[in-house]
Amino acid sequence: MFALHNRRSLAGLLSITRIRIGLRLQIALLAITGVILTGAICLAGLHFGTEAQRQADSSVLLRSHVTSLSDNYSEAGQIGADFLRKPTEKLVDRYDHVLQQALSHLAETEKLVEAVETDAPQQISALRSGMNLYATRFHNIIAAQRIIGFSDKDGLQGKLGSAARQLELRLSELDQPRLTMLFLAMRINEKDFALRGDDKYFDRLRERVAEFETALKSSDLSEQQKAETTALVRTYEQAFMAYSVSQSSLNEEAEDFASVFARTRPPLLILSKFATDRYEAAARHADETRDLLSSSIKFAILGIGLLALIFGQRIAKSISRMTQAMQQLASGRSRPCAARSRSQRRNRRDGAGGRILQGQGRRTCRRAG
């Protein structure tokens, strides 16, 4: 009876050993599968997240540079308009600073879009050409304005004003109303030309000069007074001619300046639209990436849960068999020989150790018989 109990105990231990090995493999497989799935999701999320972040950073930087470029360009146009109304050296320095900032933003924008297969590089090239031409026209305006003078005391304006004051002072000494009226007509034509830039005022002023010289010759002034007055009026006429020619050149440069500004605006608007579209596309891509990662995590959790359920059922069955074997071993009612045929198939998967235990089980059954 004691021998039979020992044999049954040995058979129960063999069954328990087989169950413990199966549990290890199942738990290890479940853990490895979970780690692999989790690692794959993390790697994919890291890759897609990094790419989405790179595109987002690039689009934000592009939009920032294009916005700053547009602001600088608009500010440069405003400075040019202010300079034409009231030229100062401060506006010249400010224009150069703003233009350099705009060119710097344009260079950074060109770096960001040079690898993009769109027409943005062509728009940047057109914009760069327009800005260079725009800068050239503005510096031509500055040069012409320096010749004319930044104020009525500088340049050709200063010379014209000085000639007018000398002639006016001379006429006040001569007390010649006719000559004074003709001179006032000249000054009116001078002011009209300065305000409107129409060449007809230049012709009218020359007509008034001719009338002035005719009236001067017929006056009762001495020859010396006539000669001095004629020299003064001709100095005034020459000063006005020089001023009018320079002013006409300045007006032409101002018109070209405005037309260049208008022609350069469309490429800038196209570039701004491109930057906005890229920014919105990057935002959509980031949202799609987040949704994809969220869905992947949900499916992974579901898959791991299903695997855990499947393996859990198998582990539960194994534990249940192990519990029954232990109970039978404790009660002395173990039947290893009856269970041998069912466990042989599992032992074949356990390798050499399983075959050794299987041989020991057969010997135990024979002794029991």
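In what follows, the accompanying structure is described. The shown structure was predicted, so the numbers you read here are calculated from the model rather than taken from an experiment. (Residues numbered from 1 in each chain as written. Predicted model: local features only at pLDDT ≥ 70, side-chain atom pairs only at ≥ 80, totals over all residues. Heavy atoms only, no water.)

## Some points on the overall build of the protein chain
Right, on to step 1. The secondary structure content of the protein chain amounts to nine helices and zero strands.
Right, on to step 2. Across the protein chain, helices and strands are ordered from the amino to the carboxyl terminus as α-α-α-α-α-α-α-α-α.
Right, on to step 3. Across the 369 residues in the protein chain, those meeting the buried criterion constitute 35%.
Right, on to step 4. Summarising the internal contacts of the protein chain: among those between residues at least 6 apart in sequence, 77% fall at separations of at least 24.
Right, on to step 5. Carbon together with sulfur atoms contributes 57% to the accessible area of the protein chain, which is approximately 21,800 Å² in total. (Helix = DSSP H or I, 4+ residues; strand = E, 2+ residues; numbered from the N terminus. Buried < 20%, exposed > 50% of the residue type's maximum accessible area, 1.4 Å probe, protein only. Contact = heavy atoms within 4.5 Å. Areas by Shrake-Rupley, 256 points an atom, 1.4 Å probe, with all protein chains shown as cover.)

## Considering the pattern of salt bridges
Right, on to step 1. Here the structure, examined in full by the defined rule, presents 15 salt bridges.
Right, on to step 2. Note that Arg 187 and Glu 190 form a salt bridge whose closest N and O atoms lie 2.8 Å from each other. Taken together, the residues span about one helical turn, with Arg 187 and Glu 190 both in helix α5 (residues 177–196) at a distance of three residues. In terms of burial, Arg 187 and Glu 190 fall into one category: buried.
Right, on to step 3. The closest approach of N and O atoms between Arg 234 and Glu 213, which form a salt bridge, is 3.2 Å. Of the two residues, Arg 234 is situated in helix α7 (residues 223–331) and Glu 213 in helix α6 (residues 199–217); the sequence distance between them amounts to 21 residues. (Salt bridge = Lys/Arg side-chain N within 4 Å of Asp/Glu carboxyl O.)

## Some thoughts on a nonpolar patch on the surface
Right, on to step 1. A cluster of nonpolar side chains, namely Phe 299, Leu 302, Leu 306 and Leu 309, defines an oily patch on the protein surface of about 440 Å² accessible area.
Right, on to step 2. By the secondary structure assignment, Leu 306 is in helix α7.
Right, on to step 3. Take Leu 306: its relative accessible area is 46%, and that puts it in the partly exposed class. (Patch = residues over 30% accessible without salt bridge, like charges linked within 9 Å, V, L, I, M, F, W, Y side chains within 5 Å.)

Interpretation in functional terms is not warranted from these geometric data alone.
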